[in-house]
Structure formats: C-alpha cells, structure tokens
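So you can see what is in the structure, the chains are spelled out below.
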Amino acid sequence: MNLLLLDASELNIHYEACLTDRRHQHLKSIHKPVAGDHFKAGIINGQVGSAVILEHTSDFTRIQLTLETSPPAALPVTLLLALPRPRMLARSLEHLSTLGVKDIHLLHTARVEKSYWQSPELQAGKIHQHLLLGLEQARDTLLPQVSLHQRFKPFVEDRLPELSAASRKLVAHPGNYPECPRGLQERVTLAIGPEGGFVDYEIDKLVAGGFQPVQLGERILRVETAVTALLARLF
Ligand code: SAH
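Residues numbered from 1 in each chain as written. Predicted model: local features only at pLDDT ≥ 70, side-chain atom pairs only at ≥ 80, totals over all residues. Heavy atoms only, no water.

Once that is clear, we can look at the sheet that holds strand 9 (residues 168–172). The strand order 8-7-6-10-9-11 describes an open sheet built from 6 strands, whose pairing is parallel. In the strand order of this sheet, the two ends are held by strand 8 (145–149) and strand 11 (212–214), each with one partner. This sheet shows a mean twist of 25° between the axes of neighbouring strands, independent of strand direction. Looking at chain direction, strand 9 and strand 10 (residues 188–192) are connected through 5 bridges and run parallel. Residue Val-171 lies in a different strand from strand 10, and its bridge partner there is Ala-191. (Pairing = 2+ DSSP bridges. Helix = DSSP H or I, 4+ residues; strand = E, 2+ residues; numbered from the N terminus. Axes fitted to C-alpha atoms, helices over the stretch in contact; angles between N-to-C directions.)

Here we take up the layout of surface pockets. Rolled over the atoms, a probe sized like a water molecule indicates the empty space that remains. The volume enclosed by the largest pocket comes to roughly 360 Å³. Lining the largest pocket are 21 residues, and of these Ala-172, Pro-174, Ile-220, Leu-221 and Ala-226 sit closest to its centre. Tallying contributions element by element places helix 6 (residues 223–234) first for the lining of the largest pocket, with 3 residues. A per-class count over the lining of the largest pocket returns 13 nonpolar, 5 polar and 3 charged. (1 Å grid on protein atoms, 1.4 Å probe; cavity = no way out; pocket = protein on both sides within 12 Å on 5 of 7 lines; lining within 4 Å. Points joined across faces, edges and corners; volume = space filled by probe spheres on them. Nonpolar A, V, L, I, M, F, W, Y, C, P; charged D, E, K, R; others polar.)

This brings us to helix 5 (residues 200–208). Along helix 5, the positions that sit buried rather than exposed are Glu-202, Ile-203, Lys-205 and Leu-206. Seen from one end, helix 5 has its buried residues packed into an arc of 160°, which puts them on one side. Opposite the packed face of helix 5, turned more than 90 degrees from it, sit the exposed residues Asp-200, Asp-204 and Ala-208. Taken together, the buried residues of helix 5 touch helix 4 (152–163), strand 9, strand 10 and strand 11. Where helix 5 ends, the next residue or the one after it, Gly-210, has phi of about 95°, a positive value. (Buried < 20%, exposed > 50% of the residue type's maximum accessible area, 1.4 Å probe, protein only. Arc of directions from axis to C-beta. Contact = heavy atoms within 4.5 Å.)

Another aspect to go through is unusual backbone geometry. Positive phi is not limited to glycine here, since Arg-139 has a value of about 55°. In this structure, Arg-139 sits in the loop between helix 3 (124–138) and strand 8. You can call Arg-139 partly exposed: its relative accessible area is 39%. Positive phi values are uncommon outside glycine, yet Ala-166 reaches one of about 55°. Note that Ala-166 resides in the loop between helix 4 and strand 9.

Along the chain, Lys-169 falls in strand 9. For the buried residue Lys-169, which engages in no salt bridge, the nearest side chain bearing the opposite charge is Glu-186, 9.1 Å off. At a separation of 3.2 Å, a polar atom in the side chain of Lys-169 contacts the main-chain carbonyl oxygen of Ser-164. (Lys, Arg positive; Asp, Glu negative; His and termini not counted. Salt bridge = Lys/Arg side-chain N within 4 Å of Asp/Glu carboxyl O. Polar contact = N/O pair within 3.5 Å; in protein donor to acceptor, adjacent residues only side chain to side chain.)

This brings us to the domain arrangement of the protein chain. One can read the domain layout of the protein chain as domain 1 (4–69) and domain 2 (77–234). With centres defined by C-alpha atoms, the gap from domain 1 to domain 2 works out at 33 Å. If you look at the interface, domain 1 gives 10 residues, while domain 2 gives 10 residues. For the pair domain 1 and domain 2, the summed buried area comes to about 800 Å², and 59% of that belongs to carbon and sulfur atoms. It is Leu-5, Arg-22 and Asn-45 that lose the most area in domain 1 upon contact with domain 2, and together they represent 59% of the buried surface on that side. (Domains from an automatic or database assignment. Buried area = accessible area lost by both parts, 1.4 Å probe.)

Shown next, in the form of structure tokens:
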C-alpha cells in the first residue's frame, strides 16, 4: 500500500479519520507507526497529500489529512476487455487501475465462458476492492468506471460508435497485422480479446467499426500481460 486511500465520508470537519479495517491492519503489521509519523494519503476521486498519525493502538489508527496535489494524469484510453476468467479478471482490474485506465468495458465474446458472468468477482463490491488496490499501488485516487456488456453485437453496433468517437481505434490481435504503435499522444480505444482470442466475426465487426488490428509479435501473451505490454507501448 503506497497510499492511504479514504472515502470523503470517513473524514470529520477537521479532516480526521479513524481507521479500523485493512488499512489499520496494514499500518499495524507493516509500519508500526507512532504519533507524528506521516504517510502519503488521498481521497477517492479527490486530491492526494499526507496523513499524520494522531494515535495508533492495536484496535485503531487515528489520522489527520492534509491534501495538496492532484492525482497522477489518467491514460487517454477506453479499454474493451473480453471478460477474463475470474482470477485473471481480479489481477487485470488491479493492473488497469494501477496503470491509470479510467474507462473499462468488460465484454462478452464467443470465446468467453458464459459461467464467468456468474462469478462473485463481478460483484460491485469485489470490483471496487480490486480497483482500490490498484489505485493505492499507483498513488492515484480517481476510481475507474467499469461497465459490463453481456452481448457483443448490440454493444459493438449501438454503443461502441459513441464510446470510441474521436479516438484511434485498435484491436490487439496476434497475426499478420501492423505492429502496435508506440508513444501515442491521442486518445485510443483499445480492444483486448479473451484467452482463446477473438473469432473472425468479431474482428470483422470491429474492423467495420473503424478498428485496426495490431500485434505485439509472435509471442502470445496472457491477457493480464497483454494489457500491461499494450498500454506501456501505446503510451
Ligand atoms: N489464443 C489466441 C490468443 C489469445 S491471447 C490466439 O492465438 O489468437 C488474449 C488476448 O491478448 C488476444 O486476444 C489479444 O487481444 C492479446 N494478445 C496476446 N498476445 C498478443 C500478441 N502477441 N499480439 C497482439 N495481441 C495479443
């Protein structure tokens, strides 16, 4: 945890908060703080700054926040991700949150197992936890938005044109395609497939919507690795 992340509702009018949960346990077991120690802190969807320890006991930690600066800049990307298997979803969401992606669309495709949509990892509370862990890692406060789309065709035909308007549209797809571009300044909509890849029909639909297939070389990467490699390369 590189940042103590708080919800604004946890603060009193003096910007003080009393932590008893995971954050308190983390301070207790890793940092063993004493009154007067400072830690990086931030408010969800707000500023970052520091927290001074007012009181630390085995049951709670009382802190007071001073907020100073804006969180790091977001990546200019809208990400379409074929719904990965639950464990990979958890890690992918955490990576995406750490890397600064703010607009995430989880999508059904032909090679996504239908049962994945029933996973407890898709409950709002679970998604929120993974995103928070990612933000804490990156010292970011801006919570990504995650939307779920269980039908590929209506999403691509009805929602995607607006979502991807005024952006460069890329779909990561191994094969004989142009190399994924590097160091872009413009806004990008990036589609990443499931473990089994996109089927031809899906690539055709995306291409019809203005998406360019791009590849990262002959090595096939796991989804969570592909996400990181693609974003590092694009930006
Ligand atoms: N079995 C599939 C690969 C799936 S990898 C196949 O052989 O086509 C999961 C997703 O990660 C892919 O759909 C793609 O979006 C991305 N990906 C992984 N490795 C890639 C590479 N070398 N080039 C482009 N995209 C890649």
